[in-house]
Amino acid sequence: MSVHKDISSQLGRKNREINLFVQLDKEREAAIAKAVEHSHSDEPYTLDRVNELTSQINELAKQGSIPTRSYVTKAMIEEYVQKKYRNK
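A. Examining the overall build of the chain more closely. Summing up its helical and strand segments, the chain has 3 helices and 0 strands in all. Helices (α) and strands (β) of the chain occur, in sequence order from the N terminus, as α-α-α. Its C-alpha atoms give the chain a radius of gyration of 18 Å, clearly above 12 Å, the size a compact globule of 88 residues would have. Reported as C-alpha extents along the three principal axes, the dimensions of the chain are approximately 60 × 25 × 15 Å. Burial statistics for the chain: of 88 residues in total, 27% are counted as buried. In the chain, 63% of the contacts between residues at least 6 apart in sequence involve partners at least 24 apart.

Structure follows, in structure tokens:
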């Protein structure tokens, strides 16, 4: 019975990690989209929230169950905006 409890506990922990990752990743993608929108409109923006979420995801990834994410720079956002909006 102890093995069953250990496996169940481990699966529960992994499930919580994955659910947290999904939540953080969705928030990160929304923050990136907002930065892209501001960049496209030539409005000021920061990537503080994006990279804060990236840091949280990468800390969670150290436990081995989820992928890491890259930190985002303004150059990355501007390059994306150039490709997506201005080269049409």
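After that view of the structure, there is still more to cover.
B. Just the pattern of salt bridges, in detail. In total, this model carries 7 salt bridges according to the counting rule given. As a salt-bridge pair, Glu52 and Arg49 come within 2.6 Å of each other at their nearest N and O atoms. With a gap of 3 residues between them, Glu52 and Arg49 both fall in helix α2 (residues 48-61), about one helical turn apart. The network of salt bridges with shared partners includes Glu27, Arg49 and Glu52.

C. Main features of the environment of Glu17. Within the fold, Glu17 resides in helix α1 (residues 2-40). Along the sequence, Glu17 and Ile66 sit 49 residues apart, while their C-alpha atoms lie 8.0 Å from each other. Apart from residues no more than four positions distant in its own chain, Glu17 is found in contact with Leu60, Gln63 and Ser65.

D. Highlighting unusual backbone geometry. Look at Asp42: it is not a glycine, yet its phi comes out positive at around 55°. Relative to the helices and strands, Asp42 is located in the loop between α1 and α2.

E. Highlighting the packing of α1 against α2. Relative orientation of the contacting elements α1 and α2 amounts to 160°, with a least axis distance of 9 Å. Our classification of the angle between α1 and α2 gives roughly antiparallel. Where α1 crosses over α2, the handedness of that crossing is left-handed. Where α1 approaches α2, its residues Glu17, Leu20, Phe21, Leu24, Asp25, Glu27, Arg28, Ala31 and Ile32 are matched on the opposing element by Arg49, Val50, Leu53, Thr54, Gln56, Ile57 and Leu60. Grouping the constituent residues of the contact of α1 with α2 by class yields 9 nonpolar, 2 polar and 5 charged.

So, how was this worked out
- Residues numbered from 1 in each chain as written.
- Predicted model: local features only at pLDDT ≥ 70, side-chain atom pairs only at ≥ 80, totals over all residues.
- Heavy atoms only, no water.
- Helix = DSSP H or I, 4+ residues; strand = E, 2+ residues; numbered from the N terminus.
- Rg over C-alpha atoms; globule rule 2.2 N^0.38 Å.
- Buried < 20%, exposed > 50% of the residue type's maximum accessible area, 1.4 Å probe, protein only.
- Contact = heavy atoms within 4.5 Å.
- Salt bridge = Lys/Arg side-chain N within 4 Å of Asp/Glu carboxyl O.
- Axes fitted to C-alpha atoms, helices over the stretch in contact; angles between N-to-C directions.
- Parallel < 35°, antiparallel > 145°, perpendicular 65-115°, else oblique.
- Left-handed = near helix turned anticlockwise from the far one by under 90°.
- Nonpolar A, V, L, I, M, F, W, Y, C, P; charged D, E, K, R; others polar.

Keep in mind these numbers describe shape, not what the thing actually does.
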